[in-house]
Amino acid sequence: MDRYLIIKTRDEFLRIRISDILYLEADRNYTKLLLSEGIQFTFAINIGRIEEMLENQVFNYKSMLLRVGKSFIINKNYILQINLPKQKLLLLPPGGKPRELIVSKEPLKALKEMLEREGLKQGENTKNI
């Protein structure tokens, strides 16, 4: 079943499928949203408020979307590469072009460790099948 984020402003109404979100990026009091198809929106809503909207509207959204540092909420399903020395996160949507995000080292390291733990758990589950 598809899950959606509804964003309403004075002039706009958007209904966005969670699985279509590539990432959200903070820009002071604005948030830039990039969809996996390359479509981009900018809202006069800060990223903290967007995160609150996700918590209120979308059950278990953190299984797909993760806050990475102060500036990004990313779709973990599109992570292709994490490069700690270069502070680079590369996202690759299916059929789309890769997007490179510059992320500070500590949040990137925490993301890498979390994904490694998930990978280990997943490996243990497949051994028992």
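Preceding this section is the structure that the text describes.
Report follows, based on the coordinates. (Residues numbered from 1 in each chain as written. Predicted model: local features only at pLDDT ≥ 70, side-chain atom pairs only at ≥ 80, totals over all residues. Heavy atoms only, no water.)

## Regarding the packing of aromatic side chains
Phase 1: Enumeration according to the criterion identifies 2 aromatic pairs in this entry.
Phase 2: Both rings, one in Tyr-23 and one in Phe-72, keep their centres 6.0 Å apart while their planes meet at 75°; by these two values the pair is edge-to-face. A residue pair is termed long-range when its members are at least 10 positions apart, and Tyr-23 in strand E3 (residues 21–27) and Phe-72 in strand E7 (residues 72–75) qualify at 49 residues.
Phase 3: Accessibility expressed as a relative area gives 5% for Tyr-23, which makes it buried.
Phase 4: Residue Phe-72 is classed as buried on the basis of its relative accessible area of 6%.
Phase 5: A centroid spacing of 6.4 Å and a plane angle of 15° characterise the contact between Phe-41 and Phe-43, whose relative ring orientation is stacked. (Phe/Tyr/Trp six-rings, centres within 6.5 Å; stacked < 30°, edge-to-face > 60°. Helix = DSSP H or I, 4+ residues; strand = E, 2+ residues; numbered from the N terminus. Buried < 20%, exposed > 50% of the residue type's maximum accessible area, 1.4 Å probe, protein only.)

## Section: the pattern of salt bridges
Phase 1: Applying the stated criterion across every chain, the model contains 9 salt bridges.
Phase 2: Note that Arg-10 and Asp-11 form a salt bridge whose closest N and O atoms lie 3.3 Å from each other. Considered together, Arg-10 and Asp-11 belong to a single accessibility category, that of exposed residues.
Phase 3: Of the charged contacts, one joins Lys-88 and Glu-100 as a salt bridge, the two residues approaching to 3.7 Å between their closest N and O atoms. Taken together, the positions of Lys-88 in strand E9 (residues 88–91) and Glu-100 in strand E10 (residues 99–102) put the pair 12 residues apart, joining distant regions of the chain.
Phase 4: What makes Lys-88 buried here is its relative accessible area of 15%.
Phase 5: Judged by its relative accessible area of 48%, Glu-100 is partly exposed. (Salt bridge = Lys/Arg side-chain N within 4 Å of Asp/Glu carboxyl O.)

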